[in-house]
Amino acid sequence: MTATEKRLTLDNVDMLSLLGTNDSNLKVIEDRFNASIIVRGENVVIKGVVEEVDVIEKVLKEMIYVLNTNNRLEKSDIETILDLTLQGKEIVSEKEFDSIILYTKNDSIKARTPGQTNYVKIAGKNDICFAIGPAGTGKTYLAVAMAVTALKKGIVSKIILARPAVEAGESLGFLPGDFREKIDPYLRPLYDALDDMMPSEKLRGYIEKRIVEIVPLAYMRGRTLNNAFVILDEAQNATDVQMKMFLTRLGANSKAIITGDITQIDLPPKTISGLIQAKDILSGIDGVGFVYFDKGDIVRHKLVKDIIDAYEKHKNGN
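Throughout this document, residue positions are counted from 1 along each chain, in the order its sequence is written. Totals for whole chains, interfaces and linings use every residue, but because this is a predicted model, local features are given only for residues with pLDDT of at least 70 and side-chain atom pairs only at 80 or more, for both listing and counting. The side-chain quantities take in all heavy atoms of the structure and omit both hydrogens and water.

Working definition: helices are DSSP H or I runs of at least four residues, strands are E runs of at least two. Numbering for both runs from the N terminus. Counting its secondary structure elements, the chain contains 13 helices and 11 strands. Residue burial is assigned from relative accessible area. The probe radius is 1.4 Å, only protein chains are included, and a residue is buried under 20% of its type maximum, exposed over 50%, and partly exposed in between. Looking at the chain as a whole, 47% of its 318 residues qualify as buried. For the accessible areas, the method is Shrake-Rupley and the probe is 1.4 Å, while residue cover comes only from the protein chains on display. Carbon and sulfur atoms provide 50% of the accessible area of the chain, an area that totals close to 16,800 Å².

We now examine helix α12 (residues 274-282). Of the positions making up α12, those classed as buried are Gly274, Leu275, Ala278 and Leu282. Looking down the long axis of α12, one finds its buried residues gathered within 95° of arc, a one-sided arrangement. Against the buried residues of α12 lie β6 (128-132), α11 (240-247), β10 (255-260) and β11 (288-292). Two residues or fewer after α12 comes Gly284, characterised by a positive phi angle close to 95°. Taken from the helix axis, the directions to the C-beta atoms give the arc we talk about. Throughout, a contact is declared for two residues whenever any of their heavy atoms are within 4.5 Å.

So, on to the confidence of the model for the chain. Summary of the metric used: pLDDT quantifies the predictor's per-residue confidence within the range 0 to 100. Predicted confidence across the chain gives a mean pLDDT of 85, with 88% of residues reaching 70 or more. For residues 168-175, every residue scores under 50 in pLDDT, and the model assigns this stretch 8 contacts once sequence neighbours within four places are set aside.

The next subject is the sheet that holds strand β7 (residues 158-163). Within a beta sheet, neighbouring strands are joined by backbone hydrogen bonds and run either parallel or antiparallel to one another. Any two strands with at least two DSSP-identified bridges between them are counted as paired. An order of β8-β7-β9-β10-β6-β11 is seen for the 6 strands of this open sheet, with the pairing classed as parallel. Two strands close off the open sheet at either side, each with one partner strand: β8 (212-216) and β11. Ignoring strand direction, the axes of neighbouring strands in this sheet form an average angle of 15°. Note that β6 and β11 share 5 bridges and pair parallel. Across the sheet, Ala131 pairs through a bridge with Val291, a residue of β11. Running at roughly 170° to β11, helix α6 (residues 114-125) makes contact with β6, β10 and β11 of the sheet. Comment: axis = line fitted to C-alpha atoms, over the contacting stretch for helices; angle = value between 0 and 180 degrees taken between N-to-C directions.

Pairing is antiparallel across the open sheet formed by 3 strands, whose spatial order is β1-β3-β2. Lying at the two open borders of the sheet, with one neighbouring strand each, are β1 (3-9) and β2 (36-40). Each adjacent strand pair in this sheet contributes to an overall mean axis angle of 15°, direction not counted. Here 5 bridges tie β2 to strand β3 (residues 43-49), and the two strands are oriented antiparallel to one another. Within β3, the position partnered with Val39 by the bridge is Val44. Packed on one face of the sheet, helix α3 (residues 50-70) meets β1, β2 and β3 and runs near 145° to β3.

Turning to the environment of Leu250, a few remarks are in order. For Leu250, the position within the fold is in the loop between α11 and β10. A relative accessible area of 25% means that Leu250 is categorised as partly exposed. When the C-alpha atoms of Leu250 and Val230 are compared, they prove to be 8.1 Å apart, with 20 residues separating the residues in sequence. Beyond its immediate chain neighbours, meaning those up to four positions away, Leu250 contacts Asp127, Ile128, Leu225, Val230, Lys255 and Ala256.

With that settled, consider the packing of α3 against helix α4 (residues 75-86). Running from amino to carboxyl end, α3 crosses α4 at an angle of 135°, the nearest separation of the two axes being 10 Å. Here α3 lies oblique to α4, going by the angle between them. Considering only the axes of α3 and α4, their crossing is right-handed. Together, Val55, Lys58, Val59, Glu62, Met63 and Val66 of α3 and Asp77, Ile78, Ile81, Leu82, Thr85 and Leu86 of α4 make up the contact between the two elements. Three categories are distinguished: nonpolar for Ala, Val, Leu, Ile, Met, Phe, Trp, Tyr, Cys and Pro, charged for Asp, Glu, Lys and Arg, and polar for the others, with Gly belonging to the last. Of the residues that constitute the contact of α3 with α4, the class distribution is 8 nonpolar, 1 polar and 3 charged. An angle counts as roughly parallel when it lies under 35 degrees, as roughly antiparallel when it exceeds 145, as roughly perpendicular when it falls between 65 and 115, and as oblique in every other case. Left-handed is the label given to a crossing in which the near helix is rotated counterclockwise from the far helix by less than a right angle, and right-handed is the label when the rotation is clockwise.

Structure follows, in structure tokens:
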């Protein structure tokens, strides 16, 4: 049998819970194999024959999945994982494991369609990524998940989520409360996404410390955003001037995702959508990626796709 060595980086996981007190969980695995497992922080080196190294890698990934899904990992879980893996069975497929973007308090967030898989890939390769497509395709939700993952891994030190408040700009004077109370309803979808992805107390703490900011697009003017993951949502409602302003805020070690649906523009007539203009101007620039979703990527209620189809047919006179 051929000997080999494989190095893994086990991020997005509590290593103490994974390995157990005094590496007790690791010893359960080592008792079944001749291969050696060396752990340094989040880095794991597996040395042994190819067949054992491959099985141990699979076992560790299954353990991560069970731990992050159930928020605990018992010795009996590891024994079951070992038995199933040695029988060639699996709890989570390699493809499914690799598609997971973030483990949340309730579940895991993963790319669920080929379009979403391509989105995550392009966003990972480019510092600026435009995601354009209809409602329900996961553009914003996955962007927020990628931002939270980058924050957890220490790739960035803050998350900034922005939205143009087109409707708010037209009706703020008629709404009760101060400016924050008036603007919050337009930012609520971003709060909701974050609330799905981290404990409420932690999110409140991040917001208080301004590690996470959720702001109207106009608040971005004059800032330079370093070490940040920045998301502009509903970007079809940003003017050309606002879009240029947003894109030029990006500082060192920062990433930006811009999401929007060019069929749902709420700007006044004859006002240029910054999203449409950016699509025409920035295509082909190295480091700027574009992802286009279609109805096949809709992951909301099954009726959403039918509703969009019906409106398109009506618009086209069919």
